[in-house]
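Fold and contact review
Residue strings, one per chain:
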Amino acid sequence: MIARTLLVCFPHVDDETPFVGTMVKHVQRGDRVVLVFATYGEMTSLFGDMSQEQIQKERQAHAARLEEIIGCETRFLGFPDAGIGTSREEALQIAALIAELKPDALITYNPVRGHPDHRHLCELLRDAITYARLPRLVAPASAHRERVAFYVTYEPASPYPPMYVDVTGQMEQIKAVMQIYADAYDWSVEGIVERRKADGAASGVEYAEKLSVMQGPQPAVDYLVRP
Ligand SMILES: [Zn+2]
């Protein structure tokens, strides 16, 4: 088996929660999973009046826990929170990351709605994949010319087809990650379990994570209905 590289890239720590099971599965298969946060999320009001330096430390501690539970690598890019744009310079910064990691697949936010950081980072990643194909733009790194499968969060209003990943065997890690956020800011572990269960029911497994395919292969199924 060839080990693949999955790049999961979001603006903020905690954006990754819909895909914890998917990441764990890839790690368990022997793939390299790199979870990249574009910002430190320093504009959040979830930590009350904590200073920006303290928030940064708090986020790094969360990332260290994510590495332990998921088995992934984590990184911060240091973009300003609530300040991600769609400039060529920013796309080139992301292109350097693409050229370095050479991902086979990528997950980020669906651009149809939501926080500007979420929409803009999706745009930057799409541009970065194109820029990373050009040797002159990413030197001294080598260009990444392989096709990158591009997945985004599921949004009902989005034109991209939905897809489900069976995460029945990864629920312990999903709950452990949700517990970090339940402890930090009152999120519900039960809520995410219910959602996985509903997405599992919709896809014929016990628990599933749902995403949308922006660009990538649509796997063939054996039959139209399960026996
Ligand atoms: Zn976010």
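Given the structure is predicted, the values throughout are model-derived calculations rather than measurements.

1. Focus: the coordination of the zinc ion
Protein coordination at the zinc ion: the donors are His 12 (ND1), Asp 15 (OD), Asp 15 (OD) and His 118 (NE2), at 2.1 to 2.4 Å from the metal. One can describe the donor arrangement at the zinc ion as irregular, given that its four donor atoms subtend angles of 56 to 130° at the metal. Within one chain, the residues donating to the zinc ion are spaced in sequence as H-x2-D-x102-H. Both residues of the pair, His 12 and Asp 15, count as buried.

2. Considering the nonpolar core
Here is a general trend for soluble globular proteins: nonpolar side chains tend to be buried in one another's company. Grouped together as the largest cluster of nonpolar side chains are 42 residues, with contacts concentrated most on Val 8, Leu 66, Ile 70, Ile 107 and Tyr 151. Sort the elements by how many residues they give to this core and helix 6 (residues 171-185) lands first, with eight residues. What Ile 107 contacts, discounting residues up to four positions off in sequence, is Leu 6, Leu 7, Val 8, Cys 9, Phe 10, Phe 19, Thr 22, Tyr 151 and Leu 211. Counting 28 residues, the second largest nonpolar core, distinct from the first, contains Cys 9, Ala 38, Leu 106 and Phe 150.

3. Quick look at the packing of helix 1 (residues 20-29) against helix 6
It is the contact of helix 1 with helix 6, at a shortest axis distance of 9 Å, that shows an interaxial angle of 130°. Regarding the angle of helix 1 to helix 6, the classification is oblique. Note that helix 1 runs across helix 6; the crossing there is right-handed. Of helix 6, the residues touching helix 1 (which contributes Val 20, Gly 21, Val 24 and Gln 28) are Gln 173, Ile 174 and Val 177. Split into classes, the residues belonging to the contact of helix 1 with helix 6 amount to four nonpolar, three polar and no charged.

4. A look at the environment of Ile 192
Examined against the element boundaries, Ile 192 turns out to sit in helix 7 (residues 189-203). Residue Ile 192 is classed as buried on the basis of its relative accessible area, which comes to 8%. C-alpha of Ile 192 to C-alpha of Ala 157: the two residues are 35 residues apart in sequence and 21 Å apart in space. Apart from residues no more than four positions distant in its own chain, Ile 192 is found in contact with Thr 17, Ile 174 and Met 178.

What counts, and at which threshold
Residues numbered from 1 in each chain as written. Predicted model: local features only at pLDDT ≥ 70, side-chain atom pairs only at ≥ 80, totals over all residues. Heavy atoms only, no water. Donors = N, O, S within 2.8 Å, 3.2 Å for Na, K, Ca; no water. Tetrahedral: all angles 85-135°; square planar, octahedral: opposite > 155°, others 65-115°. Buried < 20%, exposed > 50% of the residue type's maximum accessible area, 1.4 Å probe, protein only. Core = buried A, V, L, I, M, F, W, Y, C linked by side-chain atoms within 4.5 Å. Helix = DSSP H or I, 4+ residues; strand = E, 2+ residues; numbered from the N terminus. Contact = heavy atoms within 4.5 Å. Axes fitted to C-alpha atoms, helices over the stretch in contact; angles between N-to-C directions. Parallel < 35°, antiparallel > 145°, perpendicular 65-115°, else oblique. Left-handed = near helix turned anticlockwise from the far one by under 90°. Nonpolar A, V, L, I, M, F, W, Y, C, P; charged D, E, K, R; others polar.

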